[in-house]
Amino acid sequence: WRLLSSRPPTQKMAARVCAALSKSGVQIARSFRKNASFFGASRIGILKSYGSTARFMSTEPILVPKVNNIYPVSNFKEEIRRRERVATTWFPYPVYSLEEFKQVGTCQLASAVFQEPLRVDILNRVVLWQRAGWRTIARIAKNRNMVSGGGKKPWAQKKTGRARQGSIRAPHFRHGGKAHGPVQRSFAIDMPKKVRRLGVRVAMSSRMREGKVWIVESEKLSSSKTRHAAAVARQWGWDSCLFITGSSPDKNFDLATGNLPNLRAIPAHKTSVYTILKHKQLVITKEAVDLLHVHLLRWAPADWKMKNLVEIPEGCAQTLSQ
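### Regarding the overall build of the chain
Here is step 1: Scanning the chain from N- to C-terminus turns up 10 helices and 9 strands.
Here is step 2: Of all 322 residues assigned to the chain, the portion counted as buried reaches 38%.
Here is step 3: The long-range fraction of contacts in the chain, counting pairs at least 24 apart against all pairs at least 6 apart in sequence, stands at 65%.
Here is step 4: Accessible surface for the chain amounts to roughly 20,300 Å². Of this, 51% is attributable to carbon and sulfur atoms.

Now the structure itself:
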């Protein structure tokens, strides 16, 4: 800091205040907003800030330090993921065997995932966002540029007694193009990722509140026959069931449930609010529970992709499955 002794007292005060600002050197002192006479008898304010130089209402600029990294973290993505983590408590829940129809143990479920308060507004926003992304135009209409023909001027501009025309494919002509017709476009809208994850948590909590959530040890079946899977679903009383599996579901289970209209199986990374609300029952495997906890509570590293991994990264799954 180079402060000349020949500077007026007002500039010295401005230099001291500038040194007391944020490390980035681009924020205005709050004291100046509250009391303009803080700098002295004359009014002095910051006009522009270019990184390391802040130009005041004075003859000479006052240098301020330039800090590129205000928050000294090694990985900004990891810092953002750390701030997104959701605090939660845990509660025990029974785990059943799919084919034996009995309880085989318990697992710990997160209250932030399965006991969220009902938010109809969040569910409505997320469902509208999903359906808007699926919406498309069935068939576009041809305008006057797309219709074949009409390149020649039909008659002369003057001395015909008729209205001037430039093409026989104008919208007011027979076989002409459509004016302002439907075109291929995207109806998708933006939705924050935090709201998307909150919607999944609220949807799962609503099914848990209704008592229509089952946690099974595994989705493996002894037979790949469709009638075997239908008998298992009938025994459990599942007439409209969504089955959430792990990253690599069992082959027999896929073959057996592929033709059942009342049972749909999806991997954990494809879980959505629309599919949960569309089905009455929700069945989740223990592996899918761990994957959902890691994803919805934001415990995984920033570069972790749930759909690209077969197993949960070491140190990320903090559920207490037994």
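### A few points about the packing of aromatic side chains
Here is step 1: Tallied over the full model, the rule gives 8 aromatic pairs.
Here is step 2: Each ring, one from Trp238 and one from Phe243, has its centre 6.4 Å from the other, and the planes form 75°; the classification is edge-to-face. Phe243 shares its class with Trp238; the two are buried.
Here is step 3: For the cation-ring pair, Arg135 lies above Phe187, with the distance from its terminal atom to the ring centre recorded as 3.8 Å.

### A look at the nonpolar core
Here is step 1: Within the largest apolar cluster, 38 residues are counted, with the highest numbers of intra-cluster contacts made by Leu109, Phe114, Met204, Ile215, Ile244 and Ile284.
Here is step 2: With 7 residues, helix H6 (residues 193–209) is the single largest residue contributor to this core.
Here is step 3: Excluding anything up to four places from it in sequence, Ile284 contacts Phe114, Val213, Trp214, Ile215, Val216, Ile244, Val289 and Leu292.
Here is step 4: Core analysis: the next-biggest nonpolar cluster, separate from the first, contains 16 residues, Val216, Ala229, Trp238 and Ala256 among them.

### Quick look at the pattern of salt bridges
Here is step 1: Going through the model one piece at a time under the given rule, you end up with 6 salt bridges.
Here is step 2: Two residues, Arg197 and Glu84, come together in a salt bridge whose shortest N-O distance is 3.8 Å. Of this pair, Arg197 sits in helix H6 while Glu84 is found in helix H3 (residues 76–84), placing the two residues 113 residues apart along the sequence.
Here is step 3: Since its relative accessible area comes to 9%, Arg197 is described here as buried.
Here is step 4: Ionic pairing is found between Arg207 and Glu210, a salt bridge with its closest N-O pair at 3.1 Å.
Here is step 5: The exposure class of Arg207 is buried, given its relative accessible area of 10%.
Here is step 6: Taken together, the shared-partner salt bridges connect Glu84, Arg197 and Arg298 into one network.

### Structural notes on the side chain of Ser167
Here is step 1: Tracing the backbone shows Ser167 in the loop between helix H5 (120–134) and H6.
Here is step 2: For Ser167, a relative accessible area of 9% translates into the label buried.
Here is step 3: Within the structure, the side chain of Ser167 is placed 2.8 Å from the backbone oxygen of Gly150, a separation counted as a polar contact.
Here is step 4: Within the local environment of Ser167, its side chain forms a polar contact with the backbone nitrogen of Arg169, the two atoms lying 3.1 Å apart.

### Regarding unusual backbone geometry
Here is step 1: Residues other than glycine seldom take positive phi values, yet Lys159 does so here, at roughly 65°.
Here is step 2: Within the fold, Lys159 resides in the loop between H5 and H6.
Here is step 3: The exposed category is assigned to Lys159, whose relative accessible area is 86%.

Each value, and the rule that gives it
- Residues numbered from 1 in each chain as written.
- Predicted model: local features only at pLDDT ≥ 70, side-chain atom pairs only at ≥ 80, totals over all residues.
- Heavy atoms only, no water.
- Helix = DSSP H or I, 4+ residues; strand = E, 2+ residues; numbered from the N terminus.
- Buried < 20%, exposed > 50% of the residue type's maximum accessible area, 1.4 Å probe, protein only.
- Contact = heavy atoms within 4.5 Å.
- Areas by Shrake-Rupley, 256 points an atom, 1.4 Å probe, with all protein chains shown as cover.
- Phe/Tyr/Trp six-rings, centres within 6.5 Å; stacked < 30°, edge-to-face > 60°.
- Lys NZ or Arg CZ within 6 Å of the ring centre and 35° of its normal.
- Core = buried A, V, L, I, M, F, W, Y, C linked by side-chain atoms within 4.5 Å.
- Salt bridge = Lys/Arg side-chain N within 4 Å of Asp/Glu carboxyl O.
- Polar contact = N/O pair within 3.5 Å; in protein donor to acceptor, adjacent residues only side chain to side chain.

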